[in-house]
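Residues per chain, in single letters:
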Amino acid sequence: MTSKDLEPLAFVDLKAQYAQLKSRIDANIATVLDHGKFILGPEVAEFEHALSGFTGSKHVITVASGTDALQIALLAEGIGPGDAVFLPAFTFTATAGVVVQCGAEPVFCDITASDFAIDIESLTHQIEKVEDEGRLRPRAVIAVDLFGLPADYNGLHRLANEKDLFLLADAAQSFGATYHNRKVGTLAPATATSFFPAKPLGCYGDGGALFCDDDARAALIRSIRSHGQGSAKYDVARFGCNSRLDTLQAAILIAKLEVFEDELVRRREVAEQYDRALAETSLVRPERFASKISAWAQYTVLLNDRDKVAADLKQVGVPTAIYYPKPMHEQPAYKQFSEGVGSLPVSEELSKRVLSLPFHPYMDEGAISRTVDALICASSTR
Ligand SMILES: *Cc1c(COP(=O)(O)O)cnc(C)c1O
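Everything in this summary refers to the structure shown in the same document. (Residues numbered from 1 in each chain as written. Predicted model: local features only at pLDDT ≥ 70, side-chain atom pairs only at ≥ 80, totals over all residues. Heavy atoms only, no water.)

Describing the sheet that holds strand β10 (residues 292-293)
Strand pairing in a sheet is mediated by backbone hydrogen bonds. Such pairs are either parallel or antiparallel. The antiparallel open sheet is built from three strands, whose spatial order is β7-β6-β10. Of all strands in the sheet, those bounded by a partner on one side alone are β7 (182-183) and β10. Relative to β10, strand β6 (residues 178-179) runs antiparallel, the two being bridged by two bridges. Each residue of the ladder has a partner; that of Y179, found in β10, is K292. (Pairing = 2+ DSSP bridges. Helix = DSSP H or I, 4+ residues; strand = E, 2+ residues; numbered from the N terminus.)

Focus on empty space enclosed by the protein
Inspection of every chain in the model, using the stated rule, returns one cavity of 30 Å³ or more. Computed from the structure, the largest cavity encloses a volume of approximately 90 Å³. Taken together, 15 residues line the largest cavity, and the ones lying closest to its centre are V12, L14, Q17, R267 and P361. Of all the secondary-structure elements, those providing two or more residues to the lining of the largest cavity are α1 (14-35) and α9 (260-278). Considering only residue class, the lining of the largest cavity consists of seven nonpolar, three polar and five charged. (1 Å grid on protein atoms, 1.4 Å probe; cavity = no way out; pocket = protein on both sides within 12 Å on 5 of 7 lines; lining within 4 Å. Points joined across faces, edges and corners; volume = space filled by probe spheres on them. Nonpolar A, V, L, I, M, F, W, Y, C, P; charged D, E, K, R; others polar.)

Points about the site of the ligand
Lining the immediate environment of the ligand, one finds 17 residues, of which G66, T67, Q173, S194 and K199 sit closest. A distance of 2.8 Å separates an oxygen atom of the ligand from a polar atom in the backbone of G66. The fraction of the free accessible surface of the ligand (380 Å²) that becomes covered by protein chains is 93%. A majority-of-atoms criterion places the ligand in the largest pocket. At the level of secondary structure, the elements contributing two or more residues to the shell around the ligand comprise α3 (66-76) and α4 (93-101). (Near = heavy atom within 4 Å. Polar contact = N/O pair within 3.5 Å; in protein donor to acceptor, adjacent residues only side chain to side chain. Areas by Shrake-Rupley, 256 points an atom, 1.4 Å probe, with all protein chains shown as cover. Sits in = over half its atoms within 2 Å of the grid points.)

Re the layout of surface pockets
Computed from the structure, the largest pocket encloses a volume of approximately 480 Å³. Taken together, 27 residues line the largest pocket, and the ones lying closest to its centre are F92, Q173, F196, K199 and Y324. Of all the elements, α3 adds the most residues to the lining of the largest pocket, at three residues. Residue classes in the lining of the largest pocket are distributed as 14 nonpolar, nine polar and four charged.

Examining the packing of helix α10 (residues 306-315) against helix α12 (residues 365-380)
Contact geometry of α10 with α12 gives a least axis separation of 9 Å together with a crossing angle of 135°. On the basis of their axis angle, the class for α10 and α12 is oblique. As for how α10 packs across α12, the hand of that crossing is right-handed. Across from K308, V309, D312 and L313 in α10, the residues of α12 making contact are A374, L375, A378 and S379. Taken together, the residues of the contact of α10 with α12 break down into five nonpolar, one polar and two charged. (Axes fitted to C-alpha atoms, helices over the stretch in contact; angles between N-to-C directions. Parallel < 35°, antiparallel > 145°, perpendicular 65-115°, else oblique. Left-handed = near helix turned anticlockwise from the far one by under 90°. Contact = heavy atoms within 4.5 Å.)

Re the pattern of salt bridges
Going through the model one piece at a time under the given rule, you end up with 18 salt bridges. Across the pair K22 and D26 runs a salt bridge, and its minimum N-O distance is 2.6 Å. Taken as a pair, K22 and D26 lie in helix α1 at a separation of four residues, close to a single helical turn. For D26, a relative accessible area of 28% translates into the label partly exposed. Its salt-bridge partner being E258, residue R24 comes within 2.6 Å of it at the nearest N-O pair. With a gap of 234 residues between them, R24 in helix α1 and E258 in helix α8 (residues 247-258) connect regions that are remote in the sequence. (Salt bridge = Lys/Arg side-chain N within 4 Å of Asp/Glu carboxyl O. Buried < 20%, exposed > 50% of the residue type's maximum accessible area, 1.4 Å probe, protein only.)

So, unusual backbone geometry
Where the residue is not glycine, phi is negative for most of them; where a peptide bond is considered, it is trans in most cases. Geometrically, the link from Y323 to Y324 is a cis peptide bond, its omega value of 5° lying close to zero. Phi is positive for L40, which is not a glycine, with a value near 50°. At F147, a position not held by glycine, the phi torsion is positive, near 60°. On the secondary structure map, F147 appears in the loop between β4 (137-144) and α6 (153-163). Exposure remark for F147: the relative accessible area of 6% places this residue in the buried category.

Pasting the structure below:
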């Protein structure tokens with residue numbers, strides 16, 4: 001039998017996870033159906049409490065998506081028209097979209113190739129440019145922990161303090177990661193994460209959360225997520241939105257959080273298995289940092305003939321993904337905020353070379369070696 005005849009592999013295998021957790025998840029869902037408190041039911045507070053214990057963050061406020069978490073953090077900071085928000089161009093569109101939704105302007109920065117995170121030198125350069133132009137007020141920087149690896153928060157804190165910028169962590173992909181032994185959720189004044197199904201901790205729909213230590217910020221975020229509610233139910237203290245995590249999703253996430261540490265260990269093992277199997281090849285593998293433990297949302301390699309390799313892998317039932325084929329400054333929607341092709345060379349080059357391999361904590365050795373064999377075969381027959 002050739003590999004052509006095999007069943008395609010799963011890129012992320014949520015069914016395997018459900019098979020393991022079925023009894024707990026089903027019981028938690030049944031409990032919610034019984035009590036019927038579908039909006040801000042007891043599971044939401046219970047899950048927020050569990051997240052607080054997991055991360056060490058004083059406050060956790062769950063919301064309807066990772067995108068909403070980012071936007072609510074910016075709104076709570078009072079960011080709006082006339083403000084510049086700095087962020088890496090090599091990210092998912094939500095990181096930039098929320099800035100525009102708030103009426104502020106995204107200023108795209110380049111990334112460093114070793115960790116796919118915002119390059120402090122490029123960030124410094126862009127801040128100074130905005131200062132010199134004088135049209136916008138530098139207000140915030142959004143750090144993105146791409147593929148699960150935390151950005152360089154020490155460097156970011158230093159620069160944010162010096163320039164009086166609000167530092168927001170887009171940890172949509174890095175929930176569960178650590179930086180200098182501190183958990184994601186505690187690395188910035190505010191952290192946003194996502195529970196989109198394919199993220200390291202995912203629910204069965206959309207969901208997200210915000211983490212912060214400041215009491216006033218937490219109260220503001222809680223108010224904004226519920227229509228700007230004041231101290232009484234129908235007091236409207238400010239403008240807000242409707243962005244609560246569904247009780248059903250919280251119930252599912254409670255069951256998933258119980259095994260999350262084990263899954264993180266498994267994710268690290270799968271990454272190490274990929275490392276070993278690819279050690280002899282000339283592919284560029286993910287770099288390791290003594291100060292960081294990745295949540296391993298993705299295992300992403302760099303290839304010079306990426307598109308051909310991806311097509312060959314697909315032929316033999318090995319799915320891959322490209323995060324992201326175009327940096328944001330090359331996207332039509334952000335044209336007015338872009339300095340054009342050539343302005344952010346590292347983001348541009350990596351967008352042509354990245355390829356993320358099938359990756360999930362329930363992946364067995366057979367699936368890993370099948371992926372690696374197909375990859376070696378595809379990239380050597382160029
Ligand atoms: C997934 C993701 C988001 C958005 O999260 P949603 O829950 O899908 O809204 C934001 N930023 C990054 C980097 C992401 O990967």
